Amino acid sequence: MQSYSTLQRGLIKRIEEGFIKGESPSTIVTPVKDYATDIRVCLAGVVFLPKDIEEKIISEVINPLREADPRQYYYVPSSFHITIQNVRTIENPPLFTDSDIKKSRDVFSKIIPQFKPISFSLESIFQLPTSLSICAFTDSFLGSLAKELRSKLAEAGVPDNKKYADNDIVIANSTFCRFQTKPNEEFLSKVNHLKNIHIGEFEANKVELVTTNCVCIPTMTKIISTVEFRK
């Protein structure tokens, strides 16, 4: 039987290949010219990356790519995160109300403590038409958690509005670059060179329900609640 991370790797490859073929296997963020001032916001449960993991992504991935092509948007410290569960995708005006926020907070506060902390292995670049991410491989607990959250959010009247490539396999990643213009050849060459990079591992002990823009820039991020996993 294949491990969950193997299933995740297979799905990520299928998504990348699907977009190359011109398909739209999953929801992606519509590009803007300046992500730092993007006022579109979303509602989601996220895990922020530890500082040492952030620093390694910046030094070993972002800095070489920025040197190759400084025109792209690169994530800033304290904005690196893994989305555990989307509630409402980004839009202006927002696709959620204060009532939706309250319902979501109630669901997260009930479900998250039922699950043990989740371990992530950050490695390999996930390349989409408009962005780059570091894959975050897990065991099946992520899938179980996401399915339970989606079920309870739907019951509460705030169903997840995101399109997924596969409703059974749940993947995770941390976006670190969004394209503001077509990347140059030197940039793409370095992406290919870094494709199989290994960043490190960490265990997530809590989930933050946030409203934020698509690059989770600190000035646009509001933490609604913090919920810890089961001790």
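Residues numbered from 1 in each chain as written. Predicted model: local features only at pLDDT ≥ 70, side-chain atom pairs only at ≥ 80, totals over all residues. Heavy atoms only, no water.

K.L.:
Can you help me understand the overall build of the chain in this one?
P.N.:
A count of helical and extended segments in the chain gives 5 helices and 9 strands. When its helices and strands are written in sequence order, the chain yields α-β-α-β-β-α-β-β-α-β-α-β-β-β. Compactness check: the chain gives a C-alpha radius of gyration of 17 Å against a globular reference of 17 Å for 231 residues, within 12% of the reference. Seen through its C-alpha atoms, the chain measures out along the principal axes to roughly 50 × 45 × 35 Å. Expressed as a percentage of the 231 residues in the chain, the buried residues total 50%. The long-range share in the chain, meaning contacts at least 24 apart out of those at least 6 apart in sequence, stands at 82%. Across the chain, the mean location of the 29 positive side-chain charges is 3 Å away from that of the 28 negative side-chain charges. (Helix = DSSP H or I, 4+ residues; strand = E, 2+ residues; numbered from the N terminus. Rg over C-alpha atoms; globule rule 2.2 N^0.38 Å. Buried < 20%, exposed > 50% of the residue type's maximum accessible area, 1.4 Å probe, protein only. Contact = heavy atoms within 4.5 Å. Lys, Arg positive; Asp, Glu negative; His and termini not counted. Charge placed at Lys NZ, Arg CZ, Asp CG, Glu CD.)

K.L.:
Any chance you could explain the packing of aromatic side chains here in plain terms?
P.N.:
The geometry of an aromatic ring pair comes down to the distance between the two centres and the angle between the two planes. Summed over all chains, the structure comprises 5 aromatic pairs. Aromatic pair Tyr73 and Tyr75: ring centres 5.9 Å apart, planes at 65°, arrangement edge-to-face. Considering the side-chain rings of Phe179 and Phe187, the 5.8 Å spacing of their centres and the 85° angle between planes classify their relative orientation as edge-to-face. The exposure classification of Phe179 matches that of Phe187, with both residues buried. Among the aromatic residues, those joined into a cluster by ring pairs are Tyr35, Tyr73, Tyr75 and Phe80. Stacked on the ring of Tyr164, the Lys or Arg Arg150 has its end atom at 4.0 Å from the ring centre. (Phe/Tyr/Trp six-rings, centres within 6.5 Å; stacked < 30°, edge-to-face > 60°. Lys NZ or Arg CZ within 6 Å of the ring centre and 35° of its normal.)

K.L.:
Mind showing me how you'd approach the side chain of Gln8 here?
P.N.:
Within the secondary structure, Gln8 is located in helix 1 (residues 4-20). Setting aside chain neighbours within four positions, we find Gln8 in contact with Phe137, Thr138, Leu142, Ile169, Val170 and Ile171.

K.L.:
What am I meant to see in the packing of helix 3 (residues 98-111) against helix 4 (residues 141-156) here?
P.N.:
Between helix 3 and helix 4, the least distance of the axes is 10 Å, while the angle of their chain directions is 140°. When the axes of helix 3 and helix 4 are compared, the pair comes out oblique. The chirality of how helix 3 crosses helix 4 is right-handed. Within the contact between the two elements, helix 3 uses Lys103, Ser104, Val107, Phe108 and Ile111 and helix 4 uses Leu145, Glu148, Leu149, Lys152, Leu153 and Ala156. Here the contact of helix 3 with helix 4 is built from residues that sort into 7 nonpolar, 1 polar and 3 charged. (Axes fitted to C-alpha atoms, helices over the stretch in contact; angles between N-to-C directions. Parallel < 35°, antiparallel > 145°, perpendicular 65-115°, else oblique. Left-handed = near helix turned anticlockwise from the far one by under 90°. Nonpolar A, V, L, I, M, F, W, Y, C, P; charged D, E, K, R; others polar.)

K.L.:
How should the sheet that holds strand 6 (residues 173-178) be read in this particular structure?
P.N.:
Strand pairing within a sheet occurs via backbone hydrogen bonds; the two strands may be parallel or antiparallel. Taken in spatial order, the 5 strands of this open sheet run 2-6-5-4-7, and their pairing is antiparallel. Strands at the two margins of the open sheet, each flanked by one partner only, are strand 2 (73-74) and strand 7 (198-204). Alignment of strand 4 (residues 118-128) against strand 5 (residues 131-137), held across 6 bridges, turns out to be antiparallel. Bridged to Ile125 within strand 5 is Ile134. The sheet contacts of helix 2 (residues 51-68) involve strand 2, strand 4, strand 5, strand 6 and strand 7, and relative to strand 7 the element is tilted by about 150°. (Pairing = 2+ DSSP bridges.)

K.L.:
Help me understand the sheet that holds strand 8 (residues 206-212), please; the structure alone is not making it clear to me.
P.N.:
Read across the sheet, 4 strands follow the order 3-1-8-9 without closing on themselves; strand pairing throughout is antiparallel. In the strand order of this sheet, the two ends are held by strand 3 (81-91) and strand 9 (222-228), each with one partner. Each strand axis lies, on average, 15° off the axis of its neighbour in the sheet, ignoring direction. Across 5 bridges, the pairing between strand 1 (residues 41-48) and strand 8 is antiparallel. From the neighbouring strand, Ala44 faces strand 8, where its bridge partner is Val210.

K.L.:
Is there a simple way to explain the pairing of strand 4 in this structure?
P.N.:
If a strand is regular, its side chains alternate between the two faces of the sheet. Taken across its 11 residues, strand 4 has 9 buried, putting it largely inside the fold. Joining the antiparallel neighbours strand 4 and strand 5 is a turn of 2 residues.

K.L.:
Help me understand the pairing of strand 3 in this model?
P.N.:
With respect to burial, strand 3 is a largely interior element, 9 of its 11 residues being buried. One ladder, built from 7 bridges, connects strand 1 with strand 3; its direction is antiparallel. Bridge pairing in strand 3 links Gly45 to Gln85.

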